[in-house]
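These are the residues of each chain, in order.
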Amino acid sequence: MSEFNSRQLRRTVLEMAYAGSTVHIGCAFSLIEILAVLYRNHLRYPGNDPQAVERDYLVLSKGHGVMGQYACLHEKGWLPKSELDNYFSDGSRLKGLSDGHVVGCEVTSGSLGHGLSVGVGMALAAKLAKTDQHCYAIVGDGEMNEGTMWEAMLFATHWSLDNLVVIVDENGFQAMGKTSEVMKLGSLQDKFSAFGFDAVSIDGHDELAIESALAQLKANKNGMPKAIVARTVKGKGVSFMEHQNIWHYTRLTEDSFGAAMAELECAQ
Amino acid sequence: MRAAFSKAIVDAAKADPKILLLTGDHGYALFDDFRKALPDQFINAGIAEQNMVGVAAGLAKAGFKPIVYGLAAFVPVRVLEQIKIDICYENLPVILIGDGAGLVYSHLGTSHQSTEDIACTRAIPGLTILSPGDRFEMAAAMRLALSLHSPVYLRMGKSDRGDIHSAELILSAGEMLKVGGGSANTAILATGSMVRTALDLVEQGLDAEVWSVPSIKPFNCKQLNDIAKNVDLIVTIEEHSIIGGLGACVAETISISSTLPVCRIGIEDRFSNACGTWDYLLKEHKLDAASISYKIHEFITRIKIGSSVK
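Computed from a predicted structure; not experimentally measured.

Draft legend 1. Summary view of the overall build of chain A. Of the regular secondary structure elements, chain A holds 11 helices and 7 strands. Whereas a compact globule of 268 residues would reach a radius of gyration of roughly 18 Å, chain A reaches 17 Å, a difference of no more than 12%. Judged by the C-alpha coordinates and their principal axes, chain A covers about 50 × 45 × 35 Å. For chain A, buried positions account for 50% of its 268 residues.

Draft legend 2. Quick peek at the overall build of chain B. Within chain B one finds 11 helices and 12 strands. For 310 residues, the compact-globule estimate of 2.2 N^0.38 gives 19 Å, and chain B sits close to it at 19 Å. Seen through its principal axes, chain B has C-alpha atoms that stretch 65 × 40 × 35 Å. For chain B, buried positions account for 53% of its 310 residues. For chain B, the proportion of contacts with a sequence separation of at least 24, taken over those separated by at least 6, is 73%.

Draft legend 3. Spatial organisation of the domain arrangement of chain B. All names here are of chain B. Under the domain assignment, chain B is made up of domain 1 (2–156) and domain 2 (177–309). Taking only C-alpha atoms into account, the centre of domain 1 sits 27 Å from that of domain 2. With 23 residues of domain 1 in contact, the opposing surface of domain 2 contributes 29 residues. Listing elements by their share of the side of domain 1 that touches domain 2, those giving two or more residues are α5 (117–122), β5 (128–130) and α6 (135–148).

Draft legend 4. Highlighting the interface of chain B and chain A. The interface is formed by 21 residues belonging to chain B together with 18 residues belonging to chain A. Elements represented by at least two residues in the side of chain B that touches chain A include exactly α3 (49–61) and α4 (80–88) of chain B. If one sorts the elements of the side of chain B that touches chain A by residue count, α3(B) sits on top with 9 residues. When the residues that make up the side of chain B that touches chain A are grouped by side-chain class, the tally is 10 nonpolar, 7 polar and 4 charged.

Draft legend 5. Representation of the packing of helix α6 (residues 115–128) of chain A against helix α7 (residues 147–158) of chain A in the model. Residue and element names in this part refer to chain A. Where α6 contacts α7, the axes come no closer than 8 Å and their chain directions differ by 15°. Of the possible angle classes, the one that applies to α6 and α7 is roughly parallel. The two elements α6 and α7 meet at a crossing, and its hand is left-handed. Contacts between α6 and α7 pair Leu116, Ser117 and Val120 from the former with Thr148, Met149, Ala152, Phe155 and Ala156 from the latter.

Draft legend 6. Structural context of the confidence of the model for chain B. Mean pLDDT over chain B: 96, with 99% of residues reaching 70 or higher. Both scores are available for the predicted complex, with the pTM at 0.96 and the ipTM at 0.96.

Draft legend 7. Spatial organisation of unusual backbone geometry. The peptide bond linking B:Val75 to B:Pro76 adopts the cis configuration, its omega dihedral lying at 25°. By the secondary structure assignment, B:Pro76 is in the loop between β3 (65–71) and α4. Looking along the chain, the bond that leaves B:Lys217 and enters B:Pro218 is cis, with omega of 0°. Topologically, B:Pro218 is positioned in the loop between β10 (215–217) and α8 (221–229). Non-glycine residue A:Ser21 carries a positive phi angle of around 50°. Relative to the assigned elements, A:Ser21 resides in the loop between α1 (6–20) and α2 (25–29).

Draft legend 8. Molecular detail of the packing of α7(A) against α3(B). Relative to each other, α7(A) and α3(B) sit at 65°, their axes nearing to 8 Å. Considering their axes alone, α7(A) and α3(B) lie roughly perpendicular with respect to each other. For the crossing formed where α7(A) meets α3(B), the hand is right-handed. For the pair α7(A) and α3(B), the contacting residues are A:Thr148, A:Glu151, A:Ala152 and A:Phe155 in the first and B:Gln50, B:Asn51, B:Gly54 and B:Val55 in the second. For the contact of α7(A) with α3(B), the class distribution of residues is 3 nonpolar, 4 polar and 1 charged.

Draft legend 9. Inspection of the pairing of strand β8 (residues 186–190) of chain B at higher detail. All names here are of chain B. Where burial is concerned, most of β8 is hidden: 5 out of the 5 residues are buried. Residue alternation in β8 divides its side chains into two sets, Thr186, Ile188 and Ala190 and Ala187 and Leu189, and both sets are buried. Of the strand pairs in this sheet, β8 and strand β11 (residues 233–241) are connected by 5 bridges, and their pairing is parallel. What sits directly across from Leu189, in β11, is Thr236. You can see the chain leave β8, run along helix α7 (residues 194–203) and come back into strand β9 (residues 209–212), and the turn it takes is right-handed.

Rules used throughout
- In this convention, every chain numbers its residues from 1, walking through the sequence in written order.
- To label them, take the chains in the order written and letter them from A, then take the ligands in the order written and number them from 1.
- Only residues with pLDDT of at least 70 are given local features in this predicted model, and only at 80 or more are side-chain atom pairs given and counted; all residues enter the totals for whole chains, interfaces and linings.
- Secondary structure is summarised from DSSP: a helix means a run of H or I of at least four residues, a strand means a run of E of at least two, and numbering begins at the N terminus for each.
- Here the globule rule is a power law, 2.2 Å times the number of residues to the power 0.38, and the radius of gyration is based on C-alpha atoms.
- Residues with at least 20 other C-beta atoms within 10 Å of their own are called buried, those with 12 or fewer are called exposed, and the rest are partly exposed. The C-beta atoms themselves are positioned from the backbone.
- In this description, any two residues whose backbone-derived C-beta atoms lie within 7 Å of each other are considered to be in contact.
- Domain delimitation follows an automatic or database domain assignment.
- Note on residue categories: nonpolar means Ala, Val, Leu, Ile, Met, Phe, Trp, Tyr, Cys or Pro, charged means Asp, Glu, Lys or Arg, and polar means any other residue, Gly included.
- For every element, the axis is a line fit to its C-alpha atoms; helices are fit only across the contacting stretch, and the angle between N-to-C directions ranges from 0 to 180 degrees.
- Should an angle fall under 35 degrees it is taken as roughly parallel, and over 145 as roughly antiparallel, whereas 65 to 115 is taken as roughly perpendicular and any remaining angle as oblique.
- Each crossing gets its hand from how the near helix is turned against the far one by less than a right angle, where anticlockwise is left-handed and clockwise is right-handed.
- pLDDT is defined as a per-residue confidence score from the predictor, taking values between 0 and 100.
- Note: two strands are recorded as paired if DSSP finds a minimum of 2 bridges between them.
- By the criterion used throughout, a crossover qualifies as right-handed when its path from the first strand across the helix to the second strand runs clockwise, the strands pointing away from the viewer.

In structure tokens form, the structure reads like this:
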């Protein structure tokens, strides 16, 4: 099994969600391949230290997908299984949204539209300090409703932050329904391009496509910040969760947990 | 006071290249010296205060020491959530400067006036709140802020009211400074622009000791209780709402330890009705010296009547 295997990561998410009787499974599943590729090939943590001063930064601006990140932090060896097993139990440390107090999580998110600005600040810090650190910011398409996202994009372009890679988990849903019905976003690739980003659109579950986009964009040291609009499926990986926004809210039962795990055991 | 602020940030940034000044496109003349001396440490983040504070948090996480400047109506009020989540929750060393606090922008109206900034920042854990009253307190407050390595909101109000101290001073967090009056039965605790007003009242014959409160949070409860032991009445004066500001802070503290009456003088729970000079607006809100004097005497009369009824 390769490192950061997407099926294993999804199983870890399911086990956490079942143990903690929690929600937000669909939005964790949509960004699994993005996280897997970043952790496997791009995020540099010298000495495997998540607090190394010269590390790259991963900002999970869409903090609702945090179970996907917890699964990766567990694989990195920074979160013990006992913490995953006790997810959401009284007194536990891991919360339902990205939390900057957890080593490995760079920002406290969940209130949307915060993380990208913080990530922009970290990318700027690397530029000012003349290091080769990158900042990867995973944002939600629903999160693009927030005005601060566009403020941050303007700033990133003005300050020529070509060490910033924004990855949009474009799963097409937000809390109350389809993004196209709640607040039309149009082409995010066009919008990022218009704001001065090097922007591409890819299949966000195709790890080769993610890898290729990251490698290509990072090679362009042209002063332009980077954006990858990753088309994803909310609930990806479990047939009865895919495209079903109810899995933003639904808790697993013994039956649904068993059925989901069975699919992930069988999946190729 | 503004010259003291400018000098403080230029000196600090010259001594420490990690200090960055961020502004939301405000401070046109104020930052002339800084921009000339330290252009690489100056960031105009544009008219986008929320992003600016988030960026400052990111810079601080990566080892820089940002000073974020805005008008108090915008920093901290507009960006309150960024201060709470991005800065204070992570205890980052970011200094937030809110300029023109209170009614300073008297002609511009409600959007630029800030009479709720202390109230909304006081409840955020880990945020130090400083409110200097003259150039000496400003210089001391900046030195204190830079030494803390934690989040600070520095409230800069009406800045041309003259000195209340005669020499440089050292300020410790929470400390109140006796600035006038002898030993009296009334203690006036004032902050920012209202310290000068309190001193004026004493000069006009009001029998009170005057304390400046340049540090609203943390607040030295022991020092307040010591002051309270020697007086019959505490009066607070601030160019801020009477809800949630210095007066509330004093009343909350006193309520635990004593039954001493606290007369809170500030802006009542309303917006400004009209525009005009700063002095005009103070009068409209009954924060001019004559109105304050009247309020204090009225309060004392009411207490006396209350005691005699008992």
